[in-house]
Amino acid sequence: MNIISFVKDESVNLKINEVVTSKLDIGIVTVRFVEDCLGLFEILDDIAAIIFDEHFSEAVIEMVKSNELGVDLLYIGTETLSDGEFNLHCFKDVESILPFISNNISHPKSRFNVIDDKELYYPIISSTLIKMAKTPVDIYMRLKKDDYFHYIKFINKGDELEQGQIEKLESIPRVFVKRGDKAAFFDDMNKVLLALLRKTSNPKTAQTENDVRLEIFNQLISIGLSEKSTEIATATIENVTESLSKGLLKEIKSVYSSDAPDNYRKSFLASILCVSIAKKLSWVTPSNVEALVLVSFFNDRLLTRDSMHFVEPGNSLDISDYTIDEKELFLNHARLTADWMAKQKSMPPEAERIVRQHHGSVNGVGLETNLSAQITKLTMLFIVAEEFAMEILVNHDQKLNVKTCLKNMNARYNNHNVKQIIEALFLALKN
């Protein structure tokens with residue numbers, strides 16, 4: 001991933017390199033002319049942002065507008081710029097820009113949050129590729145050269161993996177396939193993952209299990225549901241259910257400690273909790289459980305930043321640094337995702353209803369804690385599971401007080417059905 005620096009002051013450019021590259025695995029490319037900047041967009045596939053100052057502000061904004069470049073604009077200066085057409089962010093100095101870049105552009109785990117059609121390369125977990133023995137498409141490695149990343153073909157389409165390639169794959173976390181090859185790759189990958197998922201779980205394969213689940217999660221949120229991906233989603237549900245025989249707390253720890261982005265961990269924690277709660281409630285049917293786990297995969301597929309998962313009801317969205325478009329997307333993501341799910345032939349109707357209501361709003365817009373009578377009990381079950389999953393993530397640096405957490409959730413919703421579901425969760429955690 002690369003950032004272009006369009007800053008006149010050389011000392012500031014040096015500071016950008018020093019501050020950013022010392023903390024993050026990212027390339028900084030300095031330019032002085034619009035033509036050079038446009039040329040970089042032709043040869044580099046992964047430019048995430050342009051940093052610029054007041055000297056270049058008019059040139060940068062005009063260049064992005066006239067060429068319709070999909071890139072974040074990071075302005076360093078004393079004045080405040082605003083333009084609803086762009087993802088434009090303002091900072092007073094270089095030091096203040098680092099947290100934004102770290103959290104929103106180049107978080108190492110957010111490489112897997114790929115749902116953007118403009119993404120040219122898609123990351124694949126190396127350990128999963130090893131299990132496939134050979135690949136149906138070309139495989140690329142991402143290398144850093146000078147101040148930018150580029151992609152080099154590592155394995156040719158159809159080749160069986162050689163020992164040297166396997167050893168290399170074991171030393172790196174991920175490789176890449178081209179966007180256009182994703183469907184073909186996943187078609188073959190599904191066969192391998194299905195076989196792995198249907199093996200009996202045991203402690204020695206816990207890490208493999210999480211690798212497999214992560215790859216499935218990335219596939220489902222980025223490509224959506226096809227006939228074969230529905231089959232693997234169903235197998236994943238079976239795998240989650242079987243894994244709970246090891247004990248709920250042990251399974252939670254296994255998923256939470258995995259090296260994966262927050263949206264993956266939240267999704268699988270929520271699915272595990274849904275299954276566990278369902279076992280304690282007689283009115284939840286097997287088809288309900290299937291719908292709940294599918295919802296865990298898809299409910300927040302439009303939230304492209306990990307930080308969006310931590311927005312709470314109230315004014316936290318208003319005071320955030322999200323753009324107008326991002327705020328609009330967040331407030332409507334439940335409705336938009338539910339509309340998308342309604343078009344998926346293999347998606348149970350109950351799943352679409354849960355997604356539309358999973359933030360407490362009947363029409364899928366906004367965040368609500370006052371639940372109306374139209375919110376189904378199944379949706380309430382999912383709300384409880386997802387909120388508790390978020391509590392686990394938020395409190396990762398300290399011991400979570402389960403009783404206090406559940407008591408606060410009960411007070412926040414003040415609903416008889418929610419109270420019953422929270423009691424079921426408490427019993428599941430105790431067992």
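Residues numbered from 1 in each chain as written. Predicted model: local features only at pLDDT ≥ 70, side-chain atom pairs only at ≥ 80, totals over all residues. Heavy atoms only, no water.

K.L.:
In this structure, what is going on with the packing of aromatic side chains? I would like to understand it.
P.N.:
The relative placement of two aromatic rings is captured by the distance of their centres and the angle of their planes. This structure, assessed with the given rule, holds 6 aromatic pairs. Between Phe6 and Phe56, the ring centres sit 4.7 Å apart and the planes meet at 50°, which makes this aromatic pair tilted. Remark: Phe56 occurs in the loop between β3 (47-52) and α3 (57-67) and Phe6 occurs in strand β1 (residues 2-6); sequence separation between them is 50 residues. Pair check on accessibility: Phe6 and Phe56 agree, each one buried. Considering the side-chain rings of Phe52 and Tyr75, the 5.4 Å spacing of their centres and the 55° angle between planes classify their relative orientation as tilted. Here Phe52, found in strand β3, pairs with Tyr75, found in strand β4 (residues 72-76); they are 23 residues apart in sequence, far enough to count as distant. Accessibility assignment for this pair places Phe52 and Tyr75 in one class, buried. Grouped by ring-pair contacts, the aromatic residues Phe268, Phe297, Phe298 and Trp340 constitute a single cluster. Lying over the aromatic face of Trp283, Lys377 brings its terminal NZ or CZ to 4.3 Å of the ring centre. (Phe/Tyr/Trp six-rings, centres within 6.5 Å; stacked < 30°, edge-to-face > 60°. Helix = DSSP H or I, 4+ residues; strand = E, 2+ residues; numbered from the N terminus. Buried < 20%, exposed > 50% of the residue type's maximum accessible area, 1.4 Å probe, protein only. Lys NZ or Arg CZ within 6 Å of the ring centre and 35° of its normal.)

K.L.:
Just checking my understanding: could you explain the pattern of salt bridges for this structure?
P.N.:
Where charged atoms of side chains with opposite charge meet at close range, the side chains can pair. The final tally for this structure, using the stated rule, is 10 salt bridges. Ionic pairing is found between Glu423 and Lys419, a salt bridge with its closest N-O pair at 3.9 Å. In this pair, Glu423 and Lys419 both sit in helix α17 (residues 416-430), 4 residues apart, roughly one turn of the helix. Residue classification places Lys419 among the partly exposed positions, given a relative accessible area of 40%. One connected set of salt bridges, linked through shared partners, spans Arg335, Asp339, Glu352 and Arg356. (Salt bridge = Lys/Arg side-chain N within 4 Å of Asp/Glu carboxyl O.)

K.L.:
I would appreciate a short explanation of the confidence of the model for the protein in the present structure.
P.N.:
In regions of low pLDDT, the predicted coordinates are not meant to be interpreted in detail. Of the residues in the protein, 77% have a pLDDT of 70 or more, and the chain-wide mean is 77. Across residues 200-204 the pLDDT falls below 50, and counting only partners more than four positions away or on other chains, this stretch makes 4 contacts in the model. (pLDDT = per-residue confidence, 0-100. Contact = heavy atoms within 4.5 Å.)

K.L.:
Would you explain the sheet that holds β4 in this entry?
P.N.:
Through backbone hydrogen bonds, the strands of a sheet pair up, either in parallel or in antiparallel fashion. The 5 strands are arranged β2-β1-β3-β4-β5 in an open sheet whose pairing can be described as parallel. At either margin of the open sheet sits one strand with a lone partner, and together these are β2 (27-30) and β5 (88-91). Strand-to-strand twist in this sheet, taken as the mean axis angle between neighbours without regard to direction, amounts to 25°. In this structure, β1 lies alongside β3, joined through 5 bridges in parallel fashion. Residue pairing for β3: Ser5 is matched across the bridge by Ile51. Lying over the sheet, α3 contacts β1, β3 and β4, oriented at roughly 150° with respect to β3. (Pairing = 2+ DSSP bridges. Axes fitted to C-alpha atoms, helices over the stretch in contact; angles between N-to-C directions.)

K.L.:
Before we go on, may I ask you to explain the environment of Phe100 in this structure?
P.N.:
Here Phe100 shows up in helix α4 (residues 94-104). With a relative accessible area of 4%, Phe100 lands in the buried category. In this structure, the C-alpha to C-alpha distance between Phe100 and His89, residues 11 residues apart in sequence, is 9.2 Å.

K.L.:
Is there a simple way to think about helix α7 (residues 182-197) in this case?
P.N.:
Every α-helix winds through 3.6 residues per turn, so residues three or four apart in the chain are directed the same way. Of all the bends in α7, the largest measures some 30° and sits at Met189. Of the positions making up α7, those classed as buried are Lys182, Phe185, Phe186, Met189, Asn190, Val192, Leu193, Leu194 and Leu197. (Bend = angle between axes of the 7 residues up to and from the residue.)

K.L.:
Mind showing me how you'd approach the side chain of Thr379 here?
P.N.:
Locating Thr379 in the fold gives a position in helix α15 (residues 377-394). Side-chain polar atoms of Thr379 contact the side chain of Thr376, separated by 2.8 Å. Apart from the residues within four sequence positions on either side, Thr379 is in contact with Arg353, Ile354, Gln357 and His358. (Polar contact = N/O pair within 3.5 Å; in protein donor to acceptor, adjacent residues only side chain to side chain.)

K.L.:
Can you help me understand the environment of Arg335 in this one?
P.N.:
Considering the arrangement of structural elements, one finds Arg335 in helix α13 (residues 324-342). With a relative accessible area of 28%, Arg335 lands in the partly exposed category. C-alpha of Arg335 to C-alpha of Val355: the two residues are 20 residues apart in sequence and 7.7 Å apart in space. Other than its neighbours up to four places away in sequence, Arg335 contacts Arg356, Asn363, Gly364 and Val365.

K.L.:
Got a minute to help me understand unusual backbone geometry in this structure?
P.N.:
Within the chain, Asn414 stands out as a residue other than glycine whose phi angle is a positive 45°. With respect to the helices and strands, Asn414 occurs in the loop between α16 (402-413) and α17. The exposed category is assigned to Asn414, whose relative accessible area is 69%.

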